[in-house]
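# Coordinates in review
The lines below spell out each chain.
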Amino acid sequence: MQTSHELLAKLVGFPTVSRDSNLELIDYIKTHLSALGAECHILPNAEGTKANLFATLGPQGDGGVVLSGHTDVVPIDGQKWDTPPFTLTERDQRFYGRGTADMKGFIACALRIATQAAERELQSPLYFAFSYDEEVGCLGVRPMLDFVSETGLRPALCIVGEPTSLEVGLGHKGKTDFRVVCTGREAHSSFAPGKVSALHLACDFVAAIRAIQDEINAKGAYDEEYDVPRTTLHVGVFHAGTALNIVPGKAEMEMEFRNLHSDSSEDLIQRVQEEAAKITAEAQKQDSETGIEVTVEVTNPALDTPADSFATEFVKSLTGGNSTCKVAYGTEAGLFAERLNLPTVLCGPGSITQAHQPNEWVALDQLAHCDAMLENLLVRLEAGI
Ligand SMILES: [Zn+2]
């Protein structure tokens, strides 16, 4: 039987940066799982360049556990690595390579346990859900969730193996990305007061966003389990103006909010749009063709699994640990929970502090601990869950 070390070496060898294809890796996983008798479904993207894989081992029927992970990794562009990023390198009780922590280490452990599961009498199914394009906004997993939803499967719970150092992760914030386009009236700057400046509209919009943040900070929801305990708003990109002597005709921004589960993303989206509408109404008193257009690019729900839920207690019993956490980063877990109404927790080897970095690594003992956790899972699946 292949060890998780050997499987991880193979997985890291596929350079599945989000912008590139993951098909070779998916094909490798499919070959591995099919040989064990798993029923595999490949769900390609529209262009046929990437794919999700959903696989089932064991009996048909309700219950069972989903092991989920994304197969894409972030780029290495501009990073200085001491080892070849797409070759697994063992050094000082660590495995180095892109994706070792985020999150091919977990996928390697999942493939290892699949080999064991195939030899056992499972009473409940073991599912594998591997996605693409997670690192670019959790885009790829959506058709796989639609697929699972259509099959009518009712698993008992889902473990998303993001790197939590094998703590049981109960929450992450939601995230919504916007594109904001401000339209003014281009003119010689000597006419400035009489013409609507797109840049000035953009500044008014940024001020409005900051005022929403102030309001949230003063009286919004608060969750002390997060390092940043409130919903946050942020403008990250701002382009405007071409020359000092021209009133800017166009300004473009990108902004996001990251919301606590208790702050509705629908309400926040509406609030952002209302602020843009107010500024637009004011600008159009002067020039009816000016204003601000706000487009939601992508919205992902927050995760908030109760600490006393069955899924939480179950996964704690697998790891043998008692601590839970909420993570600062976004994951697909919120989508699994929301779209499939499926109790979902985060739990995987390695730490997020190593993810996305040059010289990304996962500790050997983290992989061993994850193997042990999944062996405990097999025992539970033999008994039925
Ligand atoms: Zn990840």
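Residues numbered from 1 in each chain as written. Predicted model: local features only at pLDDT ≥ 70, side-chain atom pairs only at ≥ 80, totals over all residues.

## Let's talk about the overall build of the protein
Quick reminder of the rule: A run of H or I in DSSP becomes a helix once it reaches four residues, and a run of E becomes a strand once it reaches two; helices and strands are each numbered from the N terminus. The globule rule used here is 2.2 Å times the number of residues to the 0.38 power, and the radius of gyration it is set against is calculated over C-alpha atoms. Exposure in this text rests on C-beta crowding, where 20 or more other C-beta atoms within 10 Å of a residue's own make it buried, 12 or fewer make it exposed, and counts in between make it partly exposed. The C-beta atoms are placed from the backbone. Here, residues touch in the contact sense if the C-beta positions derived from the backbone fall within 7 Å of one another.
Each helix and strand counted, the protein has nine helices and 18 strands in total. Computed over C-alpha atoms, the radius of gyration of the protein comes to 24 Å, within 12% of the 21 Å expected from 2.2 N^0.38 for 385 residues, which places it in the range of a compact globule. Seen along its three principal axes, the alpha-carbon backbone of the protein occupies a region of about 80 × 45 × 40 Å. Per-residue burial for the protein yields a buried fraction of 46% across its 385 residues. Across the protein, every contact between residues at least 6 apart in sequence was considered, and the portion connecting residues at least 24 apart equals 79%.

## Quick notes on the nonpolar core
Put simply, the test is: The nonpolar core criterion groups buried Ala, Val, Leu, Ile, Met, Phe, Trp, Tyr and Cys residues into a set whenever they are joined through C-beta atoms within 7 Å.
In terms of nonpolar packing, the biggest core is built from 81 residues, with Val-65, Ala-110, Ala-114 and Phe-128 touching the most fellow members. Tallying contributions element by element places helix H3 (residues 100-117) first for this core, with 11 residues. Residue contacts for Ala-110: discarding those within four places in its chain leaves Leu-67, Gly-69, Phe-128 and Leu-374. Counting residues in hydrophobic clusters, the runner-up holds 20 residues, among them Phe-178, Ala-198, Leu-233 and Met-253.

## Section: the sheet that holds strand E5 (residues 94-96)
Strand pairing in a sheet relies on backbone hydrogen bonds. The paired strands run either parallel or antiparallel. Stated precisely, the cut-off is as follows: Strand pairing is assigned whenever DSSP detects at least two bridges linking the two strands. Geometry is summarised by axes, namely lines fitted to C-alpha atoms with helices restricted to the contacting stretch, and by angles between N-to-C directions that run from 0 to 180 degrees.
The sheet built from three strands is open, its strands ordered E4-E5-E18 with antiparallel pairing. The sheet terminates laterally at strand E4 (89-91) and strand E18 (361-363), the two strands that pair on one side only. Sheet twist, expressed as the mean angle between neighbouring strand axes with direction ignored, is 25 degrees. Judged from the three bridges that link them, E5 and E18 form a sheet pairing that is antiparallel.

## With respect to the domain arrangement of the protein
Operational definition: For the domains described, the bounds stem from an automatic or database domain assignment. The nonpolar class holds Ala, Val, Leu, Ile, Met, Phe, Trp, Tyr, Cys and Pro. Asp, Glu, Lys and Arg form the charged class, and all remaining residues, Gly among them, are polar.
Along its sequence, the protein is carved into domain 1 (4-172 + 302-383) and domain 2 (174-300). Taking the mean C-alpha position of each, domain 1 and domain 2 sit 36 Å from one another. Between domain 1 and domain 2, the residue contacts involve 11 residues of the former and 12 residues of the latter. For the side of domain 1 that touches domain 2, a count of residues per class yields five nonpolar, four polar and two charged.

## Topic: the sheet that holds strand E13 (residues 250-259)
Reading across from one edge, E11-E13-E9-E14 is the order of the four strands in this open sheet, with antiparallel pairing throughout. Bordering the open sheet on either side are strand E11 (232-240) and strand E14 (291-300), each of which pairs with just one other strand. Shown here is a sheet whose adjacent strand axes are inclined to one another by a mean of 20 degrees, direction ignored. One ladder, built from nine bridges, connects strand E9 (residues 174-183) with E14; its direction is antiparallel. For Arg-179, the partnering residue across the bridge sits in E14 and is Thr-295. Together, E9, E11, E13 and E14 form the strand contacts of helix H5 (residues 198-219), whose direction differs from that of E11 by roughly 170 degrees.

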